[in-house]
Structures are given as structure tokens and as C-alpha cells.
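Examination of the molecular architecture
The residues making up each chain are set out below.
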Amino acid sequence: MEFTEWIRGRTDEQLRALVSARPELITPVPAHLEGLASRAASPSAVGRALDRLDRFTLAVVETLAVMDGPMPKERLRGLIAAALARTEPETGGRPEAGGVEPEPALSAALDRLRDLALVYGPDDALDLGPGVRKVLEDPAGLGPRAVDAFRHHSPEQLDEMADDVAPGTTGSGKERLAAALAHPDALVKEVSPEARGALDQLAWGPPTGRVPNARREVRLASARSPIEELLARGLLAATGEESVTLPREVGLHLRGGRVHRNLPAVPPPLEGVARDRELADRTAAGQAFSFVRAVEELCERWSIEPPGVLRTGGLGVRDMKRTATELDLPEWVAALVVEVAHAAGLIAAGGGVDGEWMPTSGYDLWRVRGTADRWVTLAATWLQMDRVPGLVGERDERDRPLNALHTDLRRSPAPAVRAATLGVLAAAPGLAPARDSVLERLAWEQPRRRGPLREQLIEFALREAEQVGVTGLGTLSAHGRALIESGDAAGLLAPLLPEPVDHVLLQADLTAVAPGPLTSELNRWMTLTADVESKGGATVYRFSEGSIRRALDAGHGGEELLSMLARHSATPVPQGLSYLVADVARRHGRIRVGTAGAYIRCDDPALLDQITADRRSAALRLRRLAPTVIASRSSRAALVDSLRAMGYAPVAESLDGDVIISQLDSRRTEGVAPVRAVASANGIDPEVATAAVRALRAGDAAHLARREPVDAPNGQVPRGPATATISALQEAIKQGVRVWIGYLDSQGNATSRILEPARMEGGYLTAYDETRAAVHRFALHRITGVAGL
């Protein structure tokens, strides 16, 4: 049966399963089923589909690939059973973990392969889809067939080899040699033990090796070394100047006719430590709360002192170290916080010409939401982003450091690896599997996706999941499971979060103790008014002249500060703290700094006399303009900083003489688009799949019938409000009926079209256009109206 006809004979439900499992086949939707079949056979599409197979299902594909042409299921079952039942001496005669009957695993694998259109045909004639054999390189570790392995040899050389190994036969040298290698038992028995040892090393793959001067001319009579024995008999084929390969027929003979050995039909069991699930959920919830607060603290600090953007992009090493110190986190955790906040659109590059990293306007919307909802945003972003925070601090192939927020941190497999890793954890509720066990399970689930980078990404996913709060004590939490399954993660997390407190305990030594996590607003206010001295079960804040001045600079008055302290303290405000606030507030703003270069203005001439007499002011190059005004060539910001370093408490003022308030949330940049959701492991949305299949059926019917374009109805072009148009199109898609639309072409001319709508997304309608006899996409804003037929 032809592959295209097999695709055309699939039911709508089977086609929906195909496009759901392989969404790249309908991006965009092909015009007809023949186009779908052609796209499904393309090398890139076949490679993606094979990458999704587990080890057993891939072994079924490899077995069909090794044997040319259609194969009955009974023969396939025998080959798979031989691989499953095999035992090896090193295991003490015990069967391997996969030593089970091929059924029902084989039937399930074939069903899945048919759903993916990698295998087609009835059970008595199973075959691989077009393009699959070309994509598979050395299937099951077997080399090419003899006719392909010797294609680079000259006819004269092939004739000489055929005369040696198959004397008296007729035909071309390649044909005679291929016929002799189809049954290589006699040739293999002739070689020396050393040569047989070389064959055994290549038997189970990889089938290639390197030898010097592989293309040397050698005959049976002149063969001296073990390799020359094999080359002369055609048991090895030279594929390059220093490379040889084992022909497939010889490999199968050495394997005793088997394609695989010790093939596991089921995944390896996960090994690890059993955890109390309730305790794990509470632990994960606590970590989720800490991660949300770390992101919030990062944004608040970068609101006041945003770090600069490197010329090459990213965050500087010093700024990264300073951020880790301020957040009291290891550098790799701080890098994770920074990267997730950036991917979620909470921070971005903005500011001046050189640029600064600062919060976006989206951060202000995010921080007013509930803690559980904020965590879902961050966790979903981490799961879907293609950036790899774990690479921060490592070096690239040019020995350059990889900085946080740099584009070089992008790795396209990262989202899929995180999803696969969490999928392994989801398969073992209450178990904290060991790292090696997770790697072994993923190697079975996706054997084609292996390599050092993938193992590194898996390790990053495990440790980052714990830090973000998706897992607790190494096991997947209930809210983490809901996150990957698109459930109510926020609803499951909210009851487990610690209850925020709205008060602190003021101490006589100018410290305040927060007996638990503070409410968001109180936490922001305390971070502004005091400095964090220590964290733990309780956070200790310390008040100082600098922290009080920071609050005054942000626009708070002295009385307001004392009122806030009294309102949010469970203990009376200590006298020492009251004196500190009053003293700083009294001195705050007596000196005003503006722009001359800059100027100093003060109503107290004696205080200005004190400044000009101070030797430390010499570098400021001050000049007295009036009893209450001094000019300086320094900038306003530098003058304010210098006067504060001298022990004064100036404030900056505008050209109009108004005090400039440096509010905590005044530094913002334009928001950036957060990470978009990627296709889930379950495929695309069912409605999209249904619409795509409907469009394919309509386009295929037109393609087969070769329908001529039909004329649109005579009369006024349909017109109507946009909302009514969209509603009518949605209803037509649901009902599967034709509609008459008015449409403005690219020149603005009004036209009439008769359509069979298939799907509507991204501002476009995909439909079969009967007036053009083809599938087209229509911009919704150009549709003037809709009428029924």
C-alpha cells in the first residue's frame, strides 16, 4: 500500500492523534493530505518523531529498518523475542531486566508507531514510512549492506575480491561479492583467531573502525595481518583512507541473526529514598515562598541601584557577586533568581545609553498578586524558558566567561529536558530518585537524545526544581505536579504557604526582629527603612543613619516613620530609635543641592561657612555666590554624595526649587514579553487539531476532485460588525458549514468568497476557499462580514 493512500485512509480521530503527537506537521497546515504525507516523510520531521521514541519502540523501528521491505508481524515478534530473552555470561546466566515476552509491549509499540506515521500497513505487511530508513544511521549498530559498503571500490578491485571469495560465479564483481556475503559463515570460519576477535569487537556496534591505509590493495594470497585477512575477504569494507565498516550481512551473522541483545521492554526501575509526601509538600512550599521573596527583593534592590549592562550584553561578574551577597544566596541560586525574573518579564535592560538592568512595569502588576499566583508565574517561566542559569560562571568554547542575562545562555533543548526530568519524578510519587537513576530512566525514554549537554541539563533541572519549589526533599510536590499537568497549582500551594505577619519586634539596640515572613508591603517598607542584618527563622533588621536617610530621601517624613514603626511594632518604639529618626529628620534637607554645574543653597549662612571652611570640600571647587548660596563645578549627584560623606544631610532639588523625591519604585523600564508557553508533552490543543484535520479533509477533497473555482453569489458583499463576524466564523467552524464572506484584498478592493472555515488563531482564519479552489489564510481585520449559505 502506498504511504499517501494509507494516510488518506486514516480516520479523523487517527489523523488528530497524528497531528497532536507531531505538531510540526501542521505548522502551517498543508493544503491536502498528500502534502501532509510528504511533510511527514521529510528528514527533519522524521528525526523529530524518532527523538520522541523510547528505547523499546525505537528498537522495533530499527528491526524493521534492518530488514528491507514489508515484514509480517510474526517475523518481527520472533526477532524482538530473541533480543528480549537473551542472557549473557557476565550476568551469571540470569536474564536481563527486559527478559519478558514481546507482547503486549510489541503491539503497543506498533500502535504508537502507526499513530506517529513512522510505520504503516497491515500486520502481515508492516513497513517503515518513507524517509525513516534514510534518517536512521547504522540502525541497531549495524553497518550498511554490502552493496552500499563497497560502492567506493573500483570495479576491477571488486572483481578481484569476488574471484577470491566466490570463484566460478557469474555476474558483476559487486553482485558476486554481495551474494557471497549474504551467507558469510564459510568466510568467517577461514579467518585467524585475531581477525575473529576484531570482528567480534565490531559485531554489536559501532560497526566502524579506523585502520591506517584502509584502501590498500590486498588479495587472499598476500594478506598478512588480521585486518588484511578481513579486507581481502570483504568482511570489512574500506569507506575512507583510514576508516572501515562491517557490512550488515556480516554483522547479523556474527550476532546469530539477532538485531539487538538484552533489549529492555520496560523502563528501568527508579531507585532512591522514600519521602513523606506531606512533609515534602510543606518543604517545597517553604522554598517556593523563599524564591518569590528573593525575586521581589532583587527587583526592589535593582529599583534603587540598577546594575549596568555590559557592552557585550548581560550582567557583570562583580554585579553578580554583589547581588548574591545582598540576597544572601549562593551565586548559582542568585543567577537562577535573576534569569527567571528576566524571563518572566520582571526585569529588563533600560535606562541611559549604556543601559541598566531594572524592573519593568510588569513587576508592579506582578507584586500586587497573591504569593501562590506569583509563584506559578515564576515556576511556569522556569519550566518553559530556554535559558540555562546553571551555565553562569562557566566558560564557552572560546574560553570566555558566560555571564548572567547574556544571550549565550540559550539552549533550545532546556525546556524539553526540564519537562522530561519532572515527568520521571511524577512517575514515582513520594520517591526521591538518585541522580544516576534519573539519568538511566531518561536514557531509556529518549535514547536518541543523549550527550554531555543533556546530562548537564538534567542535573541543573533537578537542583533548580528544588530551589524554585517544584520539588521538596527530592520528590515532586503536589503543586509541582499540578504545574506540569496544567492543574490548579496555586490552589494547592496557597494553604501550605506560611502566613505573613504584619508586625515586627523593635529592640533597644536599634534592631527589629521579624518573627516570620512579613507582608509584602511591610517587607518593602522595612527593606527601605533598615538594613537586613541576618536571615533565618526570623529576620533581623538594623536601623542606622544611612537607612533612615534612605527612607527620608524616598519622601517619608520623620513623624511618618515613627508612626509607621509604632503601628507595626508589637513592642514600644525604643527611645534611642526615636532620637535617631528625629535627629536625622531634623538635619535632613537643611542643605539643598541644585544644578549650576551644581549649587548649594541653605537658609543658615553659618552652616555654609562651615562647609567652605572644611578642607574636605577643596575637591568640590566651591564658590560663594551669596550668603545662602554656593556654586560648584561638580555634578549635582556627585555634590550630594560628597556632602553626605562629610557628614551633612543634603537633599537634591529641581530647577524650580522643589525637593527631588527618590522613590523606591521610580526606576522602571519598558516591559518585555515573558516566556511564551511551549507545546506540552501531550501535543497541541484538541480544537486546533480538529480544525487542522477538517481543513486537510476539505483541501484533499478539492485536490482529488480537481474542482473548478465557483462563483460567489451575486448581490451586496456581506458586511457587519467585527464581533458578529468573529462569532459567526466560530460557529461555522464548530458546525463545519460553509459561509459567504466579504473580504478586502491587499489593494483594498471588496471581494466575495465562499469558504469552509477550519480554524481561527493569531488574527487569521484558515479555510478552504471554494472561489479559488485552494486552502488560504485570511486576515480577520479584512473580513467585512459573514452570511450563511
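Quick summary incoming for the structure in this document. Every chain is numbered independently, its residues counted from 1 as its sequence is written. Since the coordinates come from a predicted model, pLDDT governs what is reported: local features require at least 70, and pairs of side-chain atoms require 80 or more to be given and counted, while whole-chain, interface and lining totals use all residues. Hydrogens and water molecules were not included; the side-chain quantities draw on all heavy atoms of the structure.

Within the protein, the regular secondary structure consists of 33 helices and 25 strands. A compact globule built from 789 residues should have a C-alpha radius of gyration of about 28 Å, whereas the protein, at 37 Å, is more than 25% larger. For the C-alpha atoms alone, the extent of the protein along its principal axes is close to 120 × 85 × 55 Å. Each residue is assigned to one of three classes by its accessible area relative to the maximum for its type, calculated with a 1.4 Å probe on protein chains only: buried under 20%, partly exposed between the two thresholds, exposed over 50%. When each of the 789 residues of the protein is scored for burial, the buried share is 48%. Here the accessible surface of atoms and residues is derived via Shrake-Rupley with a 1.4 Å probe, and residues count as covered only by protein chains that are part of the display. Approximately 36900 Å² of the protein is accessible, and the part contributed by carbon and sulfur atoms is 50%. Positive charge is attributed to Lys and Arg, negative charge to Asp and Glu, and no charge count is given to His or to the chain ends. Taken as the charge centre is NZ of Lys, CZ of Arg, CG of Asp or CD of Glu, depending on the residue. Here the protein contributes 94 positively and 104 negatively charged side chains, and the mean placements of these two sets differ by 3 Å. Strands are runs of DSSP state E lasting at least 2 residues, helices are runs of H or I lasting at least 4, and numbering of each runs from the N terminus. Two things to know: the radius of gyration comes from C-alpha atoms, and the globule rule equals 2.2 Å times the number of residues to the power 0.38.

Side-chain atoms within 4.5 Å are what join buried Ala, Val, Leu, Ile, Met, Phe, Trp, Tyr and Cys residues into a set we call a nonpolar core. One finds V295, L346, W375, L378, W382 and V470 to be the most contacted residues of the largest nonpolar core, which totals 51 residues. Among the elements that line this core, the one with the most residues is helix α16 (residues 277-304), at 10 residues. Discounting residues that sit within four places of it in the chain, W382 has contacts with L336, V340, R418, L422, A461, E464, A465, V468 and V470. Counting residues in hydrophobic clusters, the runner-up holds 38 residues, among them A59, M71, A83 and L128. We call two residues contacting when some pair of their heavy atoms lies within 4.5 Å.

What describes a pair of aromatic rings is the distance from one ring centre to the other and the angle between the planes of the rings. Note on aromatic contacts: the rings of Phe and Tyr and the six-membered ring of Trp form a pair at centre separations within 6.5 Å, being stacked when their planes are under 30 degrees apart, edge-to-face when over 60 apart, and tilted otherwise. Applying the stated criterion to the full structure yields five aromatic pairs. Here Y743 and F778 contribute two aromatic rings whose centre-to-centre distance is 5.1 Å and whose plane-to-plane angle is 85 degrees, an arrangement assigned as edge-to-face. Of this pair, Y743 sits in strand β21 (residues 739-744) while F778 sits in strand β24 (residues 774-779); the two residues are 35 residues apart in sequence, bridging distant segments of the chain. No difference in accessibility class separates Y743 from F778, as the two residues are buried. Connected via pairs of aromatic rings, a cluster forms that spans F3, W6 and Y120. Residue placement shows R463 over the ring face of W332; its charged tip is 4.2 Å from the ring centre. Both a distance and an angle decide whether a charge sits over a ring: NZ of Lys or CZ of Arg must be within 6 Å of the ring centre and within 35 degrees of the ring normal.

Before going further, it helps to spend a moment on the sheet that holds strand β5 (residues 243-245). On the basis of which strands lie adjacent, the open sheet formed by three strands has the order β3-β5-β4 and antiparallel pairing. The strands lining the two open edges of the sheet, one partner per strand, are β3 (208-210) and β4 (237-238). The pairing criterion for strands is at least two bridges between them, as found by DSSP. Inspection of the sheet shows β3 paired to β5 by three bridges, in the antiparallel sense. Note on β5: the bridge partner recorded for G209 is V244.

Looking at where D127 falls in the secondary structure, it is placed in strand β2 (residues 127-128). Two N or O atoms count as a polar contact when they lie within 3.5 Å, although within protein this holds only if one can serve as hydrogen donor and the other as acceptor, and sequence-adjacent residues are included solely when both atoms are side-chain atoms. For D127, the side chain forms a polar contact with the side chain of R133, separated by 3.3 Å. When residues no more than four places from it in sequence are discounted, the contact partners of D127 are G69, P70, L118, V119, Y120 and R133.

Glancing now at the pattern of salt bridges. Opposite charge on two side chains permits pairing when their charged atoms draw close. Only one rule defines a salt bridge in this text: a Lys or Arg side-chain nitrogen within 4 Å of an Asp or Glu carboxyl oxygen. Counted by the stated rule, this structure contains 53 salt bridges. The partner of E521 in a salt bridge is R367, and the shortest N-O contact between them spans 3.4 Å. Linking E521 in helix α26 (residues 520-529) with R367 in helix α19 (residues 361-367), this pair joins segments that are 154 residues apart in sequence. Connected through shared salt-bridge partners, E300, D364, R367, E521 and R524 make up one network.

This next bit is on helix α18 (residues 331-343). Multiply 1.5 Å by the residue count of a helix minus one, and that product is the helix's expected span. Look at α18: 18 Å from first C-alpha to last across 13 residues, which is about the 18 Å you get at 1.5 Å a residue. Burial within α18 is extensive, with 11 of its 13 residues counted as buried. Those residues of α18 that fall on the buried side of the exposure criterion are V333, A334, A335, L336, V337, V338, E339, V340, A341, H342 and A343. Next to the buried residues of α18 lie α16, α17 (317-327), β7 (347-350), β8 (356-359), α20 (371-384) and α23 (452-468). One or two steps after α18, the chain reaches G345, where phi turns positive at roughly 80 degrees.

Spatially, β24-β23-β22-β21-β25 is the arrangement adopted by the five strands of the open sheet, whose pairing is antiparallel. In the strand order of this sheet, the two ends are held by β24 and β25 (783-788), each with one partner. The mean angle between the axes of side-by-side strands here comes to 45 degrees, regardless of whether they run parallel or antiparallel. As paired elements, strand β23 (residues 764-769) and β24 share six bridges and run antiparallel to each other. When the bridges of β24 are listed, L765 appears paired with F778. For helices, the axis comes from a line fit to the C-alpha atoms of the stretch in contact; other axes are also lines fit to C-alpha atoms, and the angle between any two N-to-C directions lies between 0 and 180 degrees. Strands in contact with helix α33 (residues 722-735) are β21, β22 (750-761), β23 and β25; relative to β22, the strand with the most contacts, it is inclined by about 60 degrees.

Turning next to the pairing of strand β18 (residues 622-626). One ladder, built from four bridges, connects β18 with strand β19 (residues 629-632); its direction is antiparallel. Its bridge partner lying in β19, A626 is registered against V629. Hairpin geometry of β18 and β19 is characterised by an intervening segment of two residues between the two adjacent antiparallel strands.

Right, let's talk about the packing of α16 against α20 for a bit. Helix-helix packing: each pair is described by the crossing angle between the helix axes and the interaxial distance. Following both chains from N to C, one finds α16 and α20 inclined at 80 degrees, their axes separated by 10 Å at the closest point. Here α16 is positioned roughly perpendicular relative to α20, judged by the angle of their axes. Here A288, F289, F291, V292, V295 and E296 of α16 lie close against α20, whose contacting residues are T371, R374, W375 and L378. Residues are grouped as follows: Ala, Val, Leu, Ile, Met, Phe, Trp, Tyr, Cys and Pro are nonpolar; Asp, Glu, Lys and Arg are charged; every other residue, Gly included, is polar. Taken together, the residues that form the contact of α16 with α20 break down as seven nonpolar, one polar and two charged. Working definition: roughly parallel below 35 degrees, roughly antiparallel above 145 degrees, roughly perpendicular at 65 to 115 degrees, and oblique for all remaining angles.

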